[in-house]
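# Geometric and topological summary
Chain by chain, the residues:
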Amino acid sequence: MFMEENRPIDALNNSKGKRILLKLKNGTEISGTLKAQDLHLNMWLADVELKRSEEITKYKDMLIRGDTILYVVP
Amino acid sequence: MFMEENRPIDALNNSKGKRILLKLKNGTEISGTLKAQDLHLNMWLADVELKRSEEITKYKDMLIRGDTILYVVP
Amino acid sequence: MFMEENRPIDALNNSKGKRILLKLKNGTEISGTLKAQDLHLNMWLADVELKRSEEITKYKDMLIRGDTILYVVP
Amino acid sequence: MFMEENRPIDALNNSKGKRILLKLKNGTEISGTLKAQDLHLNMWLADVELKRSEEITKYKDMLIRGDTILYVVP
Amino acid sequence: MFMEENRPIDALNNSKGKRILLKLKNGTEISGTLKAQDLHLNMWLADVELKRSEEITKYKDMLIRGDTILYVVP
Amino acid sequence: MFMEENRPIDALNNSKGKRILLKLKNGTEISGTLKAQDLHLNMWLADVELKRSEEITKYKDMLIRGDTILYVVP
Amino acid sequence: MFMEENRPIDALNNSKGKRILLKLKNGTEISGTLKAQDLHLNMWLADVELKRSEEITKYKDMLIRGDTILYVVP
């Protein structure tokens, strides 16, 4: 169903507490559980996996600046 | 017909629920069904195909930051 | 004739409904019929020809982000 | 004579209707007759010569985004 | 436990006086004790270790501009 | 003598009518007589010498965009 | 001692009249005596040493644009 009154950021509303994928402008991919976001797309993720050049690093929590994000996959 | 009172973003008004194509500043092409957009050109697409260097990846939903967009083809 | 009270964007006022040429910061050239523009130089063009590295692609409509534009030739 | 109350953009006040030279951040040089400018240094030039890599192109009118400008020579 | 009213920057609230890790956009890694932060993610760290290309430099105090930060690991 | 109430831009107050040196972000060096500046560090210089890759060009007047400046030497 | 009410820029309050080190985004290092700073991290330094590619240049005074700064070491 398509709701005309939605804002783009509403795509994340159902993702709180669920896993999302972030693609950063420098190519890095970050997946984690969404704990909080704001209008600048700053995001707080938990249980994070960061993937860069096929190397994966894990972090318990991470705060990502919104201006580094290319897109978000809920 | 040409309407002088249109704003550029109005080009997308008839595209809600339809397929559009985004060209990002880094060359990536993203096509999907437009679910929502705002004045910063942040966009929420569904049934997404992302094409980069001839490789295609599919996503159910995607939120794209407007500042990464070069142009939009309705 | 030179009118001192003009604003730079007024150069486009007589171009609505006519062909204009955009040069983007990444070198791409886009020509089309101007349907709408705003103060950020976001533009809505129709009957678009996009030229990049001597390759031409045609689109019926296009919304171009103003911050990607280098200059506009009315 | 030096006037302490001048603003930098006032350097262009006496240039309306006269030839000026713009140097863009990408190295392009643009000369033309100044028809209008604003506080963002957006400029409308007439009888334009654009020089890039020793190649010169001529345009009747041009609107240049201020954020692409490095400096202006009145 | 997941609190829906959190803001992303709240991820740092429990980190004051504790060690955090910053990844900068140029690849540099900076770890230190968080003394203060603001909404732009400007940060004041103490007992700093800066790592770039496997070389480590130590500083007693450091003020980092928020716009250079990619992400923060509490 | 050190005055605690100074703002950084006050470093230029005694430079009006005197020679200053600008270093631009692209490496270009510009020296000239300061005629006017504003809070964005936009500057109007007279009797300008522009030095790039050891080549010097002279201009009677120049308006420089503040956002291209790295530092200013009074 | 850790004071929760500090702002990051307060890290510089005790540095007025003392030597500080700036690292710029282009890799240049600038050290000098802090005479004034503002909220954008624009800084006025005296008795400046600028180091780039192992070459050192000295200046009596310098105004540095805050947006070119990576970090500051008090």
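Numbering of residues begins from 1 in every chain and follows the order in which that chain's sequence is written. Ligands are numbered from 1 and chains lettered from A, in the order in which they are written. pLDDT decides what is reported in this predicted model: residues at 70 or higher carry local features, side-chain atom pairs at 80 or more are listed and counted, and totals for whole chains, interfaces and linings draw on all residues regardless. Only hydrogens and water are removed before side-chain values are computed, so all heavy atoms of the structure are retained for them.

## Topic: the overall build of chain A
Each helix is a run of H or I in the DSSP string that is no shorter than four residues. Each strand is a run of E no shorter than two, and both are numbered from the N terminus. Helices and strands together make up the secondary structure of chain A, namely zero helices and five strands. Ordered by position from the N terminus, the helices and strands of chain A form the series β-β-β-β-β. Between the two quantities, the radius of gyration covers C-alpha atoms and the globule rule is 2.2 Å times the number of residues to the power 0.38. Computed over its C-alpha atoms, the radius of gyration of chain A comes to 12 Å, within 12% of the 11 Å expected for a compact globule of 74 residues. C-alpha extents for chain A along the principal axes are approximately 40 × 25 × 20 Å.

## Section: the interface of chain G and chain E
Contacts are assigned to residue pairs with any non-hydrogen atoms lying within 4.5 Å of each other. The interface is formed by 23 residues belonging to chain G together with 22 residues belonging to chain E. Summed over both partners, the accessible area (1.4 Å probe) lost when two parts come together is defined as the buried area. Across the interface of chain G and chain E, roughly 1700 Å² is buried in total on both sides, 69% from carbon and sulfur atoms. The term salt bridge refers to a pairing of a side-chain nitrogen on Lys or Arg with a carboxyl oxygen on Asp or Glu at a separation within 4 Å. At the boundary of chain G with chain E, the tally comes to one salt bridge. Polar contact is defined as a pair of N or O atoms within 3.5 Å, subject to the rule that within protein one atom must be able to donate a hydrogen and the other to accept it, and that residues adjacent in sequence are counted only when both atoms are side-chain atoms. Seen at the junction of chain G and chain E, the total is five residue pairs in polar contact (both at pLDDT 80 or more). By the convention adopted, Pro, Cys, Tyr, Trp, Phe, Met, Ile, Leu, Val and Ala count as nonpolar, Lys, Arg, Asp and Glu as charged, and the other residues, Gly among them, as polar. Residues of the side of chain G that touches chain E, tallied by class, amount to 15 nonpolar, three polar and five charged. Paired strands, as defined in this entry, are two strands with at least two bridges between them according to DSSP. Across two bridges, the pairing between strand β4 (residues 55–64) of chain E and strand β5 (residues 69–73) of chain G is antiparallel. Counted as the bridge partner of Ile-64 of chain E is Tyr-71 of chain G from β5 of chain G.

## Some points on the relation of the copies chain G and chain E
Once turned by 51° and shifted 0.0 Å along the axis, chain G lies on chain E with an RMSD of 0.0 Å. Comparing interface residues between copies, only 4% of those in chain G also sit at the interface in chain E, which points to a heterologous contact through distinct surfaces. Least squares is the method for superposing the copies, and the C-alpha atoms it fits come from residues with pLDDT of at least 70 in both.

## Comments concerning the arrangement of the chains
Between chain B and chain D there is no contact; the minimum C-alpha to C-alpha separation amounts to 16 Å. As for chain E relative to chain C, no contact occurs, and the smallest C-alpha gap between them is 19 Å.

## Considering the confidence of the model for chain A
Residue-level confidence of the predictor is what pLDDT reports, using numbers from 0 through 100. For chain A, mean pLDDT is 91; residues scoring 70 or higher make up 93% of the total. In the model of chain A, strand β2 (residues 29–37) of chain A stands out as the element of lowest mean pLDDT, 96, in contrast to strand β1 (residues 19–24) of chain A, which has the highest, 98.

## So, the interface of chain B and chain A
The partner chain A presents 23 residues to the 22 residues of chain B that form the contact. Contact between chain B and chain A buries roughly 1700 Å² in total, counting both sides, with carbon and sulfur atoms accounting for 69%. The three residues of chain B that bury the most area against chain A are Trp-44, Leu-63 and Arg-65 of chain B, which together make up 41% of that side's buried surface. Counting across the interface, chain B meets chain A through one salt bridge. Notably, a salt bridge pairs Lys-25 of chain A with Asp-67 of chain B, separated by 3.1 Å at the nearest N-O pair. At the junction of chain B with chain A, the criterion picks out five residue pairs in polar contact (both at pLDDT 80 or more). The residue inventory of the side of chain B that touches chain A, partitioned by class, reads 11 nonpolar, five polar and six charged.

## Comments concerning the environment of Arg-65 of chain F
With respect to the helices and strands, Arg-65 of chain F occurs in the loop between β4 (55–64) and β5 (69–73). Residues Arg-65 of chain F and Lys-23 of chain F, spaced 42 residues apart in sequence, show a C-alpha to C-alpha distance of 12 Å. The residues contacting Arg-65 of chain F, other than those within four sequence positions of it, are Lys-25, His-40, Leu-41, Gly-66, Asp-67, Ile-69 and Leu-70 of chain D together with Asn-42 of chain F. In this structure the side chain of Arg-65 of chain F is engaged in a polar contact, spanning 2.9 Å, whose partner is the backbone oxygen of Gly-66 of chain D.

## What to know about the side chain of Asn-42 of chain A
Residue and element names in this part refer to chain A. Within the secondary structure, Asn-42 is located in the loop between β2 and β3 (43–52). A simple rule labels every residue: compare its accessible area, found with a 1.4 Å probe on the protein chains alone, to the largest value its type can have, and call it buried under 20%, exposed over 50%, or partly exposed in between. With relative accessibility at 15%, the residue Asn-42 sits in the buried group. Side-chain polar atoms of Asn-42 contact the backbone nitrogen of Gly-66, separated by 2.7 Å.

## Quick notes on the packing of aromatic side chains
Whether two aromatic rings pair depends on their centres lying within 6.5 Å, for rings of Phe, Tyr and Trp, where Trp uses its six-membered ring; planes under 30 degrees apart make the pair stacked, over 60 edge-to-face, and the rest tilted. The full count for this structure, using the stated rule, is seven aromatic pairs over all chains. Centroid distance Tyr-71 of chain A to Tyr-59 of chain B: 6.3 Å. Interplanar angle 55°. Geometry classified as tilted. Of this pair, Tyr-71 of chain A sits in strand β5 (residues 69–73) while Tyr-59 of chain B sits in strand β4 (residues 55–64), on two different chains. Considered together, Tyr-71 of chain A and Tyr-59 of chain B belong to a single accessibility category, that of buried residues.

## Thoughts on the pattern of salt bridges
Pairing is possible between side chains that carry opposite charge, provided their charged atoms lie close to one another. For the structure shown, the criterion picks out 42 salt bridges over all chains. The residue Lys-23 of chain C makes a salt bridge to Glu-29 of chain C at a minimum N-O spacing of 3.4 Å. In this structure Glu-29 of chain C comes out as partly exposed when scored by relative accessible area, which is 24%. Shared partners join several salt bridges into a network, and the residues in it are Lys-25 of chain A together with Arg-65 and Asp-67 of chain B.

## Topic: the relation of the copies chain B and chain A
For the match of chain B to chain A, the screw axis carries a shift of 0.0 Å, the RMSD comes to 0.0 Å, and the turn is 51°. By residue overlap, the copies meet through two different surfaces: only 5% of the interface positions of chain B are interface positions in chain A.

## Overview of unusual backbone geometry
Even without being a glycine, Glu-54 of chain B presents a positive backbone phi close to 70°. You can see Glu-54 of chain B is positioned in the loop between β3 (43–52) and β4. On the accessibility criterion, Glu-54 of chain B (67% relative accessible area) is exposed. Of note, Ser-53 of chain C is a non-glycine position whose phi angle comes to about 50°, a positive value. One can find Ser-53 of chain C in the loop between β3 (43–52) and β4 (55–64). For Ser-53 of chain C, a relative accessible area of 70% puts it in the exposed group.

## A short note on the environment of Asn-6 of chain F
With respect to the helices and strands, Asn-6 of chain F occurs in the segment before β1 (19–24). Sequence spacing of Asn-6 of chain F and Leu-70 of chain F is 64 residues, and the spatial spacing of their C-alpha atoms is 20 Å. Setting aside its immediate chain neighbours within four residues, Asn-6 of chain F contacts Ala-36 and Trp-44 of chain G.

## Observations concerning the pairing of β5 of chain A
One face of the sheet, then the other: side chains in a regular strand alternate in exactly this way. Residue and element names in this part refer to chain A. Counting buried residues in β5 gives five out of five residues, a clear majority hidden from the surface. Inspection of the sheet shows β1 paired to β5 by four bridges, in the antiparallel sense. Counted as the bridge partner of Leu-21 is Val-73 from β5.

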